[in-house]
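Listed here are the chains, written in short residue letters.
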Amino acid sequence: MTDTADLGMPAPSFISHQLREARAEAISLAEKNERLARALTTARERIAELGTQLDAVTHPPVTLALLTGLHTRSGRDDGEASPAGTPTAPAPEALVLLGGRTMSLGLRPGLDPAALRIGQLVAVNDAMLVVDALPEPDTGEAVVLDEVLDDARALVTTGSGATRVLRLGGALDAGALTPGTTLAADLRADVATAIIERTSVEQLVVAETPDVTWEDIGGLGPQIQAIRDALELPFAHPGLYRAYGLRAPKGLLLYGPPGCGKTLIAKAVATSLAAGGEGADGERATGRTAAFLNIKGPELLSKFVGETERQIRAIFEQARKAAAEDRPVVIFFDEMEALFRTRGTGVSSDVETMIVPQVLAEIDGVESLRNVVIIGASNREDMIDPAILRPGRLDVKIRVSRPDAAQALDILARHLNADLPLDPAELAVHEGDREATAAAMRAAAVDALYARTPATAVLEVVYASGATQTLHLGDLVSGAMLAQIVARAKTAAIKDEISGGAGGLSTARVLAAVDAEARQNEEITGATSPEGWARLVGAHSEPIHSARRLGAAGTAPAAGTAVSAARPHETQEGA
């Protein structure tokens, strides 16, 4: 066998060694190639980044202007002639407010005029060309919309009270705007650009058309008649009032203990004024929609200086705008003592001392409150500033007392009537007469409520003069309590019917509801001081020296400093 060395060929071990070295060198070169590729990619990215930064540094500055319109100059031929020799139409230009001046500027080539909207911010370069468009500004002077004149213009009131005509920005839909909306505007450019959401006044004011009528209110016949004489007659017979030189009252105060129908009366006033009805002189309009502005008194107070006064101005402005449409407007201030406390007595805060003058200015101001009636409700009328209550402001003052037995029957008739499901057994007792059955239930409830026995005694009051009086459950009855008694009885009847019983209202269920409601009111609404009981009972003629709870609820004396209180209404023995 011939040896490879004899033939001049390298040994196999040498060839293998060379192959290994070649493979290692190839791998090393591949890794170097990858590193070079990564370095090249990084370098390219860095170059692009530096180029962007260089462009930003060398980019010419632009000035922002407000676009107020687009137009084409007449009598101008800037275009080149077409192949047919006809000159092209001149390019549109932008009207902008720039540096306090209105200017007409050209658009850079490629900028579509159809994409521009009035009210937008636009970028203007050194060559005085509009080069870009930005969104509409959402800041500026706040103005209040009075009326939309057309698709492009609106009548507004500025913060200084001036009336201006502004162009509507492209972002504003004229059809969706309503009077009273707050807009952001650039008054130098006469352009409104955006809607500003100011929900504070809308949350405090509920503008609604009530559906409560006089027939829905029971037990307040004399008070209702007094209110109708004071408020409805001027609307029904304006000619007679003018002939006698008599004006309609600006407002009235409903005062008395809580839960006796003051809010219902205010809503019924709005409904009555809106419903119309033909007077003797035929002057009264019909079919008007009333606006009932229900002011949430405690929420109107704000810790920010001037905010409460601004909200009061907005409330009266809203009322005047509604009244200008020949709509009756009722502004109802519930819990009036929370807003208009007597100044200078130490019980009012600095905020409240600014509220009263603001309201007086709105009532007595040069702007008429025609078709606007102000109604205040309070169970602490002694805390209201006298300036609010004097004649010429809240002219009429009507006390809404707790109902006596006869009035309680009238109130119950609104809630417990013959149309409701009645207990078949009781119907049989009254020979199927539904009216008699319902009347018997109402009479049983009133007898239980107004019985003057030791079991119904609630409070022993000692007045400053030393006189003592015992208050019974009937002295604390309210219309709201009577409605709740019937509601309890109805719930019991429904539960009985669900469980398979006969259901229906019965005397037993009504009396059980009376007992449950009396216990709940004694536990929850019972006051702990003479002032609290004076507020709960209502009226005031002699200061209370002390009060003592009677019955199982407790007999600890509720003595305290003398407060203005009122003797309750006189009740008939054995009612």
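As a starting point, this report considers the structure included with it. (Residues numbered from 1 in each chain as written. Predicted model: local features only at pLDDT ≥ 70, side-chain atom pairs only at ≥ 80, totals over all residues. Heavy atoms only, no water.)

1. Points about the overall build of the chain
Next, step 1: When its secondary structure is counted, the chain shows 15 helices and 19 strands.
Next, step 2: Looking at the chain as a whole, 41% of its 575 residues are labelled buried.
Next, step 3: Sequence-distant contacts, at least 24 apart, represent 65% of the contacts inside the chain between residues at least 6 apart.
Next, step 4: Put simply, the chain shows about 30000 Å² of open surface, and 55% of that area lies on carbon and sulfur atoms. (Helix = DSSP H or I, 4+ residues; strand = E, 2+ residues; numbered from the N terminus. Buried < 20%, exposed > 50% of the residue type's maximum accessible area, 1.4 Å probe, protein only. Contact = heavy atoms within 4.5 Å. Areas by Shrake-Rupley, 256 points an atom, 1.4 Å probe, with all protein chains shown as cover.)

2. Side note on unusual backbone geometry
Next, step 1: The phi dihedral of Met128 falls on the positive side, at around 60 degrees, and the residue is not glycine.
Next, step 2: For Met128, the position within the fold is in the loop between strand 4 (121–124) and strand 5 (129–134).
Next, step 3: A relative accessible area of 33% means that Met128 is categorised as partly exposed.
Next, step 4: Phi at Glu431 is positive, roughly 55 degrees, even though this residue is not glycine.
Next, step 5: Secondary-structure assignment places Glu431 in the loop between helix 11 (424–429) and helix 12 (434–450).
Next, step 6: Residue classification places Glu431 among the exposed positions, given a relative accessible area of 76%.

3. Quick notes on the sheet that holds strand 10 (residues 191–196)
Next, step 1: If you trace the 5 strands once around the closed barrel, you get 6-7-8-10-9, paired in mixed fashion. If you compare each strand with its neighbour and ignore which way they point, the axes differ by 55 degrees on average. (Pairing = 2+ DSSP bridges. Axes fitted to C-alpha atoms, helices over the stretch in contact; angles between N-to-C directions.)

4. As for the packing of helix 10 (residues 405–415) against helix 13 (residues 479–498)
Next, step 1: Where helix 10 meets helix 13, the axes come as close as 9 Å, and the angle between the chain directions of the two elements is 45 degrees. As far as their axial angle goes, helix 13 and helix 10 are oblique. Crossing of helix 10 over helix 13 shows right-handed handedness. When helix 10 is examined against helix 13, the residues Ala408, Ile411, Leu412 and His415 are found in contact with a partner set consisting of Gly479, Leu482, Ala483, Val486 and Lys490. (Parallel < 35°, antiparallel > 145°, perpendicular 65-115°, else oblique. Left-handed = near helix turned anticlockwise from the far one by under 90°.)

5. Considering the packing of aromatic side chains
Next, step 1: Across all of its chains, the model carries 1 aromatic pair by this definition.
Next, step 2: Look at Phe333 and Phe340: their rings are 5.3 Å apart centre to centre, the planes differ by 75 degrees, and that puts the pair in the edge-to-face class.
Next, step 3: Judged by its relative accessible area of 2%, Phe333 is buried.
Next, step 4: A relative accessible area of 1% means that Phe340 is categorised as buried. (Phe/Tyr/Trp six-rings, centres within 6.5 Å; stacked < 30°, edge-to-face > 60°.)

6. Looking at the nonpolar core
Next, step 1: Among the nonpolar cores identified, the biggest contains 33 residues, and Leu416, Leu449, Tyr450, Leu482 and Leu505 are the most heavily contacted of them.
Next, step 2: Sorting the residues of this core by element identifies helix 10, helix 12, strand 17 (457–463), helix 13 and helix 14 (507–524) as the ones contributing at least two each.
Next, step 3: Per element, the largest residue contribution to this core is 6 residues, and it comes from helix 12.
Next, step 4: If we skip the residues at most four places from it in the chain, Leu449 touches Leu473, Gly474, Val477, Met481, Leu482, Ile485 and Val514.
Next, step 5: One finds Ala319, Met336, Leu360 and Leu389 within the second-largest nonpolar core, a separate group that totals 28 residues. (Core = buried A, V, L, I, M, F, W, Y, C linked by side-chain atoms within 4.5 Å.)

7. Thoughts on helix 13
Since there are 3.6 residues in each turn of an α-helix, residues three or four apart along the chain are aligned in direction.
Next, step 1: Taking 1.5 Å as the rise per residue, helix 13 with 20 residues should run 28 Å; its terminal C-alpha atoms sit 29 Å apart, in good agreement.
Next, step 2: Here helix 13 has its buried residues at Gly479, Met481, Leu482, Ile485, Val486, Ala489 and Ala493.
Next, step 3: Backbone geometry just downstream of helix 13 places Gly500 in the positive-phi region, at approximately 105 degrees. (Expected span 1.5 Å × (residues − 1).)

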